[in-house]
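# An overview of the molecular structure
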Amino acid sequence: RFEVLVDELVDVSRIQSGRIRLRREACDVSQIVIQVVERFQEELEEGTAHRFVVDAPLPIRGRWDAARLDQVITNIIANALNYSPHGGMIRVSAHSQGDGVEVVVRDEGVGIPADERALIFQPFMRGSRAAEMTPGAGLGLFVSNEIVMRHGGTLSVESEPSAGSVFKVLLPHYPPAGTD
């Protein structure tokens, strides 16, 4: 966990100084989604109440920074697990949509109150229930949002308390010129 915090702090520093760069290459977002979910499934303890449902038909190709997209999807799924303390389904999907791709992570967790939804994408901000449920510095969603925006995309959340959360990443297959 300490290594993750250090990496997030380095990313925040790079973002704030304008030095974060993407290494775009041809890759398959469905494959990235599947690999991330498989890593989490390997880490889940036997008997856990969490279950994954993945809908990511292969391939969905574009020019993205595969390592950074892995980081975004990892952050969102980690949050889904952390804020679903009693288990439940974590649904992860990736589908082409027009000239882009949509990656969705849906959980059955505690949800996020309306007045806190916009704040969760700011650095060092955590929801009121977050601090009591799981450790963290409030950097993962900030860094994820920045990575998505630098790909020319958007990261959004829909959520209601006690009804879970739905995080959506929308990315163009081929990011516009000038985004890095």
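Throughout what follows, the structure given in this document is the object of discussion. (Residues numbered from 1 in each chain as written. Predicted model: local features only at pLDDT ≥ 70, side-chain atom pairs only at ≥ 80, totals over all residues. Heavy atoms only, no water.)

### Comments concerning the overall build of the protein chain
Applicable threshold: Strands are runs of DSSP state E lasting at least 2 residues, helices are runs of H or I lasting at least 4, and numbering of each runs from the N terminus. Relative accessibility thresholds used throughout: buried, under 20% of the residue-type maximum; exposed, over 50%; partly exposed, between the two (1.4 Å probe, protein chains only). By definition, residues are in contact when any of their heavy atoms lie within 4.5 Å.
Secondary structure summary: the protein chain contains six helices and seven strands in total. When the helices and strands of the protein chain are read in sequence order from the N terminus, they spell out α-β-α-β-β-α-β-β-α-α-α-β-β. A buried classification covers 49% of the 180 residues belonging to the protein chain. When contacts within the protein chain are restricted to residue pairs at least 6 apart in sequence, those whose partners lie at least 24 apart make up 72%.

### Here's the deal with helix α6 (residues 140-150)
Burial analysis of α6 places 10 of its 11 residues in the buried class, the great majority of the element. Of all the positions in α6, only G140, L141, F142, V143, S144, N145, E146, I147, V148 and R150 are classed as buried. Among the residues trailing α6, G152 stands out with phi positive, at a value near 85°.

### Concerning the packing of aromatic side chains
The line we're drawing: For Phe, Tyr and Trp, where Trp contributes only its six-membered ring, two rings pair if their centres lie within 6.5 Å, and the inter-plane angle classes them as stacked under 30 degrees, edge-to-face over 60, or tilted in between.
Scanning the entire structure with this criterion turns up one aromatic pair. Ring centres 6.5 Å apart and planes at 80° place the aromatic pair F121 and F167 in the edge-to-face group. Of the two residues, F121 sits in the loop between α4 (114-117) and α5 (130-133) while F167 sits in strand β7 (residues 165-172), which places them 46 residues apart along the sequence.

### Observations regarding the sheet that holds β7
Here is the rule we go by: Pairing between strands requires that DSSP locate at least two bridges from one strand to the other. Lines fitted to the C-alpha atoms define the axes, with helices restricted to the stretch that makes contact. Angles between their N-to-C directions range from 0 to 180 degrees.
Read across the open sheet, the five strands follow the order β2-β4-β5-β7-β6; overall the sheet is mixed. Edge strands, defined here as strands with exactly one partner in the open sheet, are β2 (50-55) and β6 (154-159). For this sheet, the mean inter-axis angle between neighbouring strands, taken without regard to orientation, is 15°. Bridge count between strand β4 (residues 88-97) and strand β5 (residues 100-106): seven bridges; the pairing is antiparallel. Residue pairing in the sheet places Q97 in a bridge with G100 of β5. Set on the sheet, α6 makes contact with β6 and β7; between it and β6 the angle comes to about 135°.

### Here we look at the pattern of salt bridges
Put simply, the rule reads: Salt bridge, as used here, is a side-chain nitrogen of Lys or Arg placed within 4 Å of a carboxyl oxygen of Asp or Glu.
As enumerated under the stated definition, the model contains four salt bridges in all. Residue E158 is joined to K168 by a salt bridge in which the shortest nitrogen-to-oxygen separation is 3.2 Å. Linking E158 in strand β6 with K168 in strand β7, this pair joins segments that are 10 residues apart in sequence.

### Here we look at the nonpolar core
How we decide: In plain words, nonpolar cores are sets of buried Ala, Val, Leu, Ile, Met, Phe, Trp, Tyr and Cys residues tied together by side-chain atoms within 4.5 Å.
With 38 residues, the main nonpolar core has V29, F52, I76, I77, V92, F167 and V169 as its most contacted residues. At eight residues, helix α3 (residues 66-82) tops the list of elements feeding residues into this core. Beyond its immediate stretch of four places on either side in the chain, V29 contacts I60, W64, L69, A94, V101 and V103.

### As for empty space enclosed by the protein
Inclusion rule: With a 1 Å grid laid over protein atoms only, a set of points is called a cavity when a 1.4 Å probe fits there but cannot get out and a pocket when it is open yet has protein on both sides within 12 Å along at least five of seven lines; lining residues have an atom within 4 Å of a point. Grid points are joined across faces, edges and corners, and a volume is the space filled by probe spheres set on the points. As a working rule, the residues Ala, Val, Leu, Ile, Met, Phe, Trp, Tyr, Cys and Pro are called nonpolar, Asp, Glu, Lys and Arg charged, and the rest polar, with Gly in that last group.
In total, this model carries one cavity of 30 Å³ or more according to the counting rule given. Taken as a whole, the largest cavity holds about 30 Å³ of empty space. Around the largest cavity, the lining residues are V29, L69, V72, I73, V103, V169 and L171. Of all the secondary-structure elements, those providing two or more residues to the lining of the largest cavity are α3 and β7. The greatest single-element share of the lining of the largest cavity, amounting to three residues, is contributed by α3. Residues belonging to the lining of the largest cavity are distributed by class as follows: seven nonpolar, no polar and no charged.

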